[in-house]
Amino acid sequence: MTTPAAEAAPAPASASDARAASAPPDFSGDVAAYYADYRRGYPPPVLDALRTAFALDAHPAIGDLALDLGCGTGQLALPLAAYVRTVIGMDPEPDMLRQARAAADRDGVHNALWLLGTDADVPALSALLPGRRPLGVTVIGNAIHWMRPDELFRTLRPLTRPGGGVAVIANGTPVWAQDTDWSRALRSVLEDHFGRPAATSCGTATDDRDRYARALAAAGFADVGETVLDYEDALTPDQLLGTVYSAIPAPELPAPADRPAFAARLLAALPEPGDRGYPEQVRVSVLTGRA
C-alpha cells in the first residue's frame, strides 16, 4: 500500500496531554498545505472497523451524525462521510479547515460541515446538535495528545447514542520516532536544528493507548478494545520532507528560500533510500469504546 506520508503529530517539539491547557500550535499557511498534501490517509479497513463497531448508518434522513475532533485537513472526516448522514470536522486552525473544505469540494463530499474549535468547545457544540444523544461516533485521529481526554470522554458520553461511541485512532508512528536507521538519522538532524528533543509518541505509544483506554472506561464507555492493522509502506524523499514540514509549527518552518538548504542537509544525513524509498512498518490502532 502506497499512501502519503506518515501521520505524525505536531513536532519536532515534545507534546503531552498536559499541554492541552494552552493554545494549540500554529499550523497555518504552508504548514496546512503540506498537511493536506502529505499526511497519510486512513486505510479502508479502518472505516470498516468504525462502521462495524458502531453500526453506523448513512441514511440521508435518519442516519448518524459523526464528529471528527482535531480533523486537520480532512484525512479521516472525508472518507467517514460515506458511512454517516453528516460528519462535522472541528479543528482550531482556520487554514486546516479551508484545506478540508477545498478537498471536500474537489472530492464531491457534500455532507461535511467544518467548524472552528477544540475539545474545550464540545460542551458548547452540544447545544447546537439535534436530539438528546445526537452523536453516532466521535473520531480523534492523531490529535488526542493536544486534548484533555478524561474531560473530553466524560463530556462525550451523554452526547453519544446507545451503541455509538468514541474511536481514538493512531495512524502510524512519527517518521522521526521509528526503529530504523533513516528515522534515527532524521531525528538527530531535527533535534540539532531545533535544539530540543523530538516527540517520541504523539499519542501513539502503547502506554498512551492504555491510558486512553482506561479514560474511556472511566467515562462510562463499555466494550473498550483495540483493533490493530499492520502493513508495510515506503516514503519517497519528497514525501518524507513534506511530512516533516507538515509537523513544524508555522513560526519555526524554514522560510521558502531556506527550505532547499534545510532539505539538502536533512537528506544528506540519511542513508540512501531503497528502490521505493525509505521503508517503514505502519501500525494503525483503532481504540474504541461504546455507549
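Everything here concerns the structure above.
Residues numbered from 1 in each chain as written. Predicted model: local features only at pLDDT ≥ 70, side-chain atom pairs only at ≥ 80, totals over all residues. Heavy atoms only, no water.

**Some thoughts on the overall build of the chain**
The secondary structure content of the chain amounts to ten helices and seven strands. Taking 291 residues into account, the globule formula puts the C-alpha radius of gyration at 19 Å, and the chain, at 18 Å, falls close to it. Summarising its shape, the C-alpha atoms of the chain cover approximately 55 × 35 × 35 Å along the three principal directions. Restricting the contact set of the chain to residue pairs at least 6 apart, pairs at least 24 apart contribute 82%. Computed over 25 positive and 36 negative side-chain charges, the separation of the two mean positions in the chain equals 6 Å. (Helix = DSSP H or I, 4+ residues; strand = E, 2+ residues; numbered from the N terminus. Rg over C-alpha atoms; globule rule 2.2 N^0.38 Å. Contact = heavy atoms within 4.5 Å. Lys, Arg positive; Asp, Glu negative; His and termini not counted. Charge placed at Lys NZ, Arg CZ, Asp CG, Glu CD.)

**Thoughts on the pattern of salt bridges**
Here the structure, examined in full by the defined rule, presents 15 salt bridges. Residues Asp30 and Arg259 are paired through a salt bridge, measuring 3.0 Å at the closest nitrogen-oxygen approach. Of this pair, Asp30 sits in helix α1 (residues 30–38) while Arg259 sits in helix α10 (residues 259–269); the two residues are 229 residues apart in sequence, bridging distant segments of the chain. Exposure remark for Asp30: the relative accessible area of 38% places this residue in the partly exposed category. (Salt bridge = Lys/Arg side-chain N within 4 Å of Asp/Glu carboxyl O. Buried < 20%, exposed > 50% of the residue type's maximum accessible area, 1.4 Å probe, protein only.)

**So, the packing of helix α7 (residues 181–194) against α10**
Contact geometry for α7 and α10: axes closest at 8 Å, N-to-C directions at 140 degrees. Put simply, α7 runs oblique to α10. Every pair of crossing elements has a handedness; the one defined by α7 and α10 is right-handed. Every residue of α10 that contacts α7 at Ala185, Leu186, Val189, Leu190, Asp192 and His193 is listed here: Phe262, Arg265, Leu266 and Ala269. (Axes fitted to C-alpha atoms, helices over the stretch in contact; angles between N-to-C directions. Parallel < 35°, antiparallel > 145°, perpendicular 65-115°, else oblique. Left-handed = near helix turned anticlockwise from the far one by under 90°.)

**Description of the side chain of Glu280**
Relative to the assigned elements, Glu280 resides in strand β7 (residues 278–290). A polar atom in the side chain of Glu280 sits 2.3 Å from the side chain of Arg40. Here the side chain of Glu280 touches Gln178 through a polar contact of 2.7 Å, side chain to side chain. (Polar contact = N/O pair within 3.5 Å; in protein donor to acceptor, adjacent residues only side chain to side chain.)

**Digging into the pairing of strand β2 (residues 86–91)**
Judged by how many residues are buried, β2 sits mostly within the fold: five of six residues are covered. As paired elements, β2 and strand β3 (residues 112–116) share five bridges and run parallel to each other. Of the residues in β3, the one forming a bridge with Gly89 is Trp114. Handedness of the β-α-β unit built from β2, helix α4 (residues 94–107) and β3 comes out right-handed. (Pairing = 2+ DSSP bridges. Right-handed = clockwise from strand over helix to strand, strands pointing away.)

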